[in-house]
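So the chains spell out like this:
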Amino acid sequence: MKRPRSEALFARAVECMPGGVSSPVRAFRAVGGAPIFFERGEGATLVDVDGNRYVDFCGSWGPLILGHAHPRVVEAVERAARRGCTFGAPHEGELLLAERIRAANPHLERVRFVSSGTEAVMSAVRVARGCTGRSVVVKFDGGYHGHADHLLVKAGSGLATLSHAGSGLAELGAPSSAGVPEDFARHTAVCELDDADAFDRLIAARGRDVAAVLIEPIPANHGLLLQRREFLRHLRERTREIGALLIFDEVISGFRVAMGGAAELYGIAPDLATYGKIVGGGLPVGAYGGRRDALDHVAPLGRVYQAGTLSGNPIGMAAGLETLAILESERVHERLERLGARLEARVQEVLANRRVDAKLVRVGSIFWLALQSGDAPRRASAVDPAAAKRFAPLYHFLLDRGFYLGPSAYEVSFLSAAHAERDVDALAAALDDAFAEGVGR
Ligand SMILES: *Cc1c(COP(=O)(O)O)cnc(C)c1O
């Protein structure tokens, strides 16, 4: 597969954009080679500027649960744009989306829109600090919550594979990014996932200062580190005891694993939750919400300030609303579960037949090929750093056969409603070919 136009565009891009990209993981640093420039997406297919076609399992990192350019979503976007791109004033679209989000998530008594997942988490943390009067936020090793200063501590694979390649992860409570003062990171305490004892020790030492415990209930930014329900329940109970807020970062899992996200899947209601990715149907939208008594601290009602010129943007609201409507009316999650189960079965069969040291970790339409032996990891520290070496050649093997995945061993992949059984079968068959040739072993 040749990509001369992509390569030429990338050569120009590095001359005027840092690393040639608008977001670091897109740069292919973890797998080598030049990133691909795309011209368009249709359903489950991506077409690059050289005319090559790929089955897309990256899905723009999660938002595209309906695939690219779903006709109804495109129509909703066009209709909204014709009525004006932004008002900077209330409109019915944001109300309709807020009502729909709340109907699917009864624990969200109030919802506020922002423009990205980063902003949603940053704002939710501010609310938690504002209404508790405390400063410490507990997060978990490997959890990514966007790029707000105080959350760039042990934060997922993008940082682990880029900033700290070869040097291990950051120290506890120390920033993983330059430009973040140590003072900021001091208010962030980091705990291991799936370790209730470590969490309890942390709470015993600093519990009175903890404003919020922030977790991706389905941690999907350093591989897919599925948690036991009991661990999440433990966090729920302890936070209640110490008067801290439990924040579920559902930027990936929200509307992905169920209309009610991980909260519905596990039957656990957090105090606050954050959204991005799917909630905007492919446009830059984020949201946070939760208990009314917490959200009533937000301006204009309360003293926690949070604002945005383009927040509740009519085009983003229209795309999100149409996406959620389709998810519900077409029972998309049930279909995705069946498709995911088929992929899992096919791939596990390939791995067993070829005796490959790896496993497919999956929940619904989120999957991750863990290139390591033993049980599926539940903690970032149990993820094998050596997988990156095995993954790079496997990545290029799949790419050249027309499969586009996130360019890192530790990124999860996504199925969409636009994928067909033949797409998942083809991916399993391509993996079989790779392992037969010794690639990725
Ligand atoms: C992607 C992501 C974010 C950040 O969202 P952006 O829209 O990229 O700012 C936050 N939390 C989680 C869990 C994410 O996956």
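Everything here concerns the structure above.
Okay, so let's go over this structure. (Residues numbered from 1 in each chain as written. Predicted model: local features only at pLDDT ≥ 70, side-chain atom pairs only at ≥ 80, totals over all residues. Heavy atoms only, no water.)

Some details on the sheet that holds strand β2 (residues 45–48)
Neighbouring strands of a sheet are bound in pairs by backbone hydrogen bonds; such pairs are parallel or else antiparallel.
Here is step 1: Judged by pairing direction, the sheet is mixed, and its 4 strands sit side by side in the order β1-β2-β3-β13 without closing on themselves. Each edge of the open sheet is held by one strand with a lone partner, namely β1 (38–42) and β13 (403–404).
Here is step 2: Here β2 pairs with strand β3 (residues 53–56) via 3 bridges, running antiparallel. Following the sheet pairing, Leu46 is matched in β3 by Tyr54. (Pairing = 2+ DSSP bridges. Helix = DSSP H or I, 4+ residues; strand = E, 2+ residues; numbered from the N terminus.)

Quick look at helix α3 (residues 92–104)
Here is step 1: Taking 1.5 Å of rise per residue, 13 residues should cover 18 Å, and α3 covers 19 Å from first to last C-alpha, within 8% of that figure.
Here is step 2: Those residues of α3 that sit buried are Gly93, Leu97, Ala98, Ile101 and Ala104. Angular distribution of buried residues about the axis of α3 spans 135°; they occupy a single face of the element. Residues Glu92 and Ala103 are exposed on α3 and point more than 90 degrees away from its buried face.
Here is step 3: Those residues of α3 hidden inside the fold are in contact with β4 (110–114), α9 (261–266) and α11 (314–329). (Expected span 1.5 Å × (residues − 1). Buried < 20%, exposed > 50% of the residue type's maximum accessible area, 1.4 Å probe, protein only. Arc of directions from axis to C-beta. Contact = heavy atoms within 4.5 Å.)

Section: unusual backbone geometry
Here is step 1: A cis amide bond links Ala299 to the next residue, Pro300, at an omega of 15°.
Here is step 2: Topologically, Pro300 is positioned in the loop between α10 (292–295) and α11.
Here is step 3: Look at Ala69: it is not a glycine, yet its phi comes out positive at around 50°.

Brief notes about the site of the ligand
Here is step 1: The environment of the ligand is made up of Ser116, Gly117, Thr118, Tyr144, His145, Gly146, Glu216, Asn221, Asp249, Val251, Ile252 and Lys277.
Here is step 2: Within the backbone of Gly117, one N or O atom sits 2.9 Å away from an oxygen atom of the ligand.
Here is step 3: Between Tyr144 and the ligand, the recorded distance is 3.3 Å, taken from a backbone N or O atom to a nitrogen atom.
Here is step 4: Its free accessible area being 380 Å², the ligand has 82% of it covered by the protein chains.
Here is step 5: Its residues assigned to classes, the shell around the ligand comprises 3 nonpolar, 6 polar and 3 charged. (Near = heavy atom within 4 Å. Polar contact = N/O pair within 3.5 Å; in protein donor to acceptor, adjacent residues only side chain to side chain. Areas by Shrake-Rupley, 256 points an atom, 1.4 Å probe, with all protein chains shown as cover. Nonpolar A, V, L, I, M, F, W, Y, C, P; charged D, E, K, R; others polar.)

Some remarks on the pairing of β2
Here is step 1: Two strands pair when backbone bridges link them, and β1 and β2 are joined in this way by 4 bridges, in the antiparallel orientation. By the bridge assignment, Arg40 is partnered in β2 with Val47.
Here is step 2: Connecting β1 to the next strand, β2, in antiparallel fashion are 2 residues, including Gly43 with a positive phi near 60°.
Here is step 3: The turn joining β2 and β3, which pair antiparallel and follow one another in sequence, is formed by 4 residues; a positive phi near 85° is taken by Gly51.

As for the pairing of β3
Here is step 1: Looking at chain direction, β3 and β13 are connected through 2 bridges and run parallel. Note that in β13 the partner of Val55 across the bridge is Phe403.

Observations regarding the packing of helix α7 (residues 196–206) against helix α8 (residues 229–242)
Here is step 1: It is the contact of α7 with α8, at a shortest axis distance of 11 Å, that shows an interaxial angle of 15°. Judged by the angle between their axes, α7 and α8 are roughly parallel. As α7 runs across α8, the sense of the crossing is right-handed. In this structure, α7 uses Ala196, Phe199, Asp200 and Ile203 to contact α8, whose residues at the interface are Phe231, His234, Leu235, Arg238 and Ile242.
Here is step 2: When its residues are assigned to classes, the contact of α7 with α8 shows 6 nonpolar, 1 polar and 2 charged. (Axes fitted to C-alpha atoms, helices over the stretch in contact; angles between N-to-C directions. Parallel < 35°, antiparallel > 145°, perpendicular 65-115°, else oblique. Left-handed = near helix turned anticlockwise from the far one by under 90°.)

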